[in-house]
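Structural features, examined
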Amino acid sequence: MTVDREAIPGKDRRVTDEVSTATVVAYGCAAVVLFGWFLFGWLVLQQGFVASVGEAAGAGSALLVAVTIIGSYRRSRR
C-alpha cells in the first residue's frame, strides 16, 4: 500500500496500460542490435572490450532517451 492510498481512502487504484506485443518485440530487436553493435566493435573493429561496452551503452542510452521523448509526446496528445 502506498502513502497516497493511506492518506486518501476513497481514491481508487490507478489502472496502468498493458504493454503491447509489438513493444516487447521492438525492445527485443533493439537489444539484439545493441549486442551486435557491441560484438562488431569488439571483434571486427578490435577497439577493446571496455570501449565496445561503453559505445553500446551510449547507443542504448540514446535510444532510451528517444523512446522517452516519443512516449511523452504521444501521451500528451491523448
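Please refer to the structure placed before this passage.
Below you will find a few notes about this structure.

Basis of the calculations
- Residues numbered from 1 in each chain as written.
- Predicted model: local features only at pLDDT ≥ 70, side-chain atom pairs only at ≥ 80, totals over all residues.
- Heavy atoms only, no water.
- Helix = DSSP H or I, 4+ residues; strand = E, 2+ residues; numbered from the N terminus.
- Buried < 20%, exposed > 50% of the residue type's maximum accessible area, 1.4 Å probe, protein only.
- Areas by Shrake-Rupley, 256 points an atom, 1.4 Å probe, with all protein chains shown as cover.
- Patch = residues over 30% accessible without salt bridge, like charges linked within 9 Å, V, L, I, M, F, W, Y side chains within 5 Å.
- Salt bridge = Lys/Arg side-chain N within 4 Å of Asp/Glu carboxyl O.

**Topic: the overall build of the protein chain**
A tally of helices and strands in the protein chain yields 3 helices and 0 strands. Helices and strands in the protein chain line up, N terminus first, as α-α-α. In the protein chain, buried positions account for 8% of the 78 residues. With an accessible surface of roughly 6,800 Å², the protein chain has 66% of that area assigned to carbon and sulfur atoms.

**A few points about a nonpolar patch on the surface**
Residues Trp37, Phe40, Trp42, Leu43, Val44, Leu45, Phe49, Val50 and Val53 make up a contiguous nonpolar surface patch of roughly 900 Å² in combined accessible area. Listing elements by their share of the nonpolar patch, those giving two or more residues are α2 (21–44) and α3 (49–76). Broken down by element, the residue count for the nonpolar patch peaks at 5 residues, all from α2. Topologically, Trp42 is positioned in helix α2. Trp42 gets classed as partly exposed once you look at its relative accessible area, which sits at 34%.

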